[in-house]
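A closer look at the structure
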Amino acid sequence: MTDRVVESSDVEVPEIPEILEKVLLFTLEEAKEKMAQGADVVPFTALVVKENLFLENHPGESAEECFNFARHTVENARGAEAYALCYDGYVEVDDETKDALIAEGGIPGEDEGVAVGYLYTMDDEGTPTFESEPAYIGEAPNFMSGLKEADQYDEEEIDEKYLDDEDVEDEVE
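Quantities reported herein were computed from a predicted structural model and do not represent experimental measurements.

A word on the overall build of the protein chain
Along the protein chain, the regular secondary structure elements total three helices and seven strands. Secondary structure elements in the protein chain, listed N-terminal to C-terminal, are α-β-β-α-β-β-β-β-β-α. Taking all 173 residues of the protein chain together, the buried fraction comes to 38%. Partitioning the contacts of the protein chain with sequence separation of at least 6, the portion at a separation of at least 24 is 61%. Accessible surface computed for the protein chain: about 10,500 Å², of which carbon and sulfur atoms make up 42%.

Next comes the structure, spelled out in structure tokens:
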């Protein structure tokens, strides 16, 4: 996923809401585990809804297609408190390109999201070695900028969005 630009800045790390920080770090840890097992990291989102975490993969033919799938999922996430989109990419550091697992995310109604990540190197056997701490990368698009805060949706709106698929399966049986 090398066709994505997240603006990096030399400014201080902004205050990140706790729920957003947790989902960003969770997705990075999930991606690290996949890579440690030798698997590719397919771009995926994690949505925090009520007390649940919904994960969804977003494979595509190009980086743009993957991001469009993720954007569509997140923009329609009524009642979600936060999201993260995680992928394997790279960052440019001091005129050098470095591999990184990147998680972008946001919360409803905010104009901008944030991007954090783990820099890593691969040895000759394809085993990744990750930096010990995630790094703040910069501002990122917030796919939830057009959504209301989670508590502004009523229970029916939220249940309708996330439980309809289960209801359809039950009706088909």
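A look at the nonpolar core
Counting 22 residues, the largest nonpolar core has Leu20, Val23, Leu24, Leu28 and Leu101 as its most contacted members. Secondary-structure elements contributing two or more residues to this core are helix H1 (18-36), strand E1 (44-49), strand E3 (80-93), strand E4 (96-106) and strand E5 (112-122). Looking at this core, the element that brings in the most residues is H1, giving six residues. Every residue in contact with Leu101, bar those within four places of it in the chain, is listed here: Leu28, Ala31, Lys32, Met35, Val41, Tyr87, Asp88, Val116, Gly117, Tyr118, Tyr120 and Phe130. Of all hydrophobic cores here, the second largest spans 20 residues; its members include Leu47, Ala77, Ala100 and Ala115.

Section: a negative patch on the surface
Taken together, the side chains of Glu110, Asp111, Glu112, Glu139 and Glu149 make up a negatively charged region of the molecular surface. With a relative accessible area of 42%, Glu112 lands in the partly exposed category.

Remarks on unusual backbone geometry
At Lys50, a position not held by glycine, the phi torsion is positive, near 55 degrees. Note on placement: Lys50 falls in the loop between E1 and strand E2 (52-57). Judged by relative accessible area, Lys50 falls into the partly exposed class, the value being 33%.

Overview of a nonpolar patch on the surface
Side chains of Phe26, Leu53 and Leu55 sit close together on the surface and give an oily, nonpolar patch of about 240 Å² of accessible area. Note that Leu53 resides in strand E2.

Thresholds, definitions, all that
- Residues numbered from 1 in each chain as written.
- Predicted model: local features only at pLDDT ≥ 70, side-chain atom pairs only at ≥ 80, totals over all residues.
- Heavy atoms only, no water.
- Helix = DSSP H or I, 4+ residues; strand = E, 2+ residues; numbered from the N terminus.
- Buried < 20%, exposed > 50% of the residue type's maximum accessible area, 1.4 Å probe, protein only.
- Contact = heavy atoms within 4.5 Å.
- Areas by Shrake-Rupley, 256 points an atom, 1.4 Å probe, with all protein chains shown as cover.
- Core = buried A, V, L, I, M, F, W, Y, C linked by side-chain atoms within 4.5 Å.
- Patch = residues over 30% accessible without salt bridge, like charges linked within 9 Å, V, L, I, M, F, W, Y side chains within 5 Å.
- Salt bridge = Lys/Arg side-chain N within 4 Å of Asp/Glu carboxyl O.
- Lys, Arg positive; Asp, Glu negative; His and termini not counted.
- Charge placed at Lys NZ, Arg CZ, Asp CG, Glu CD.

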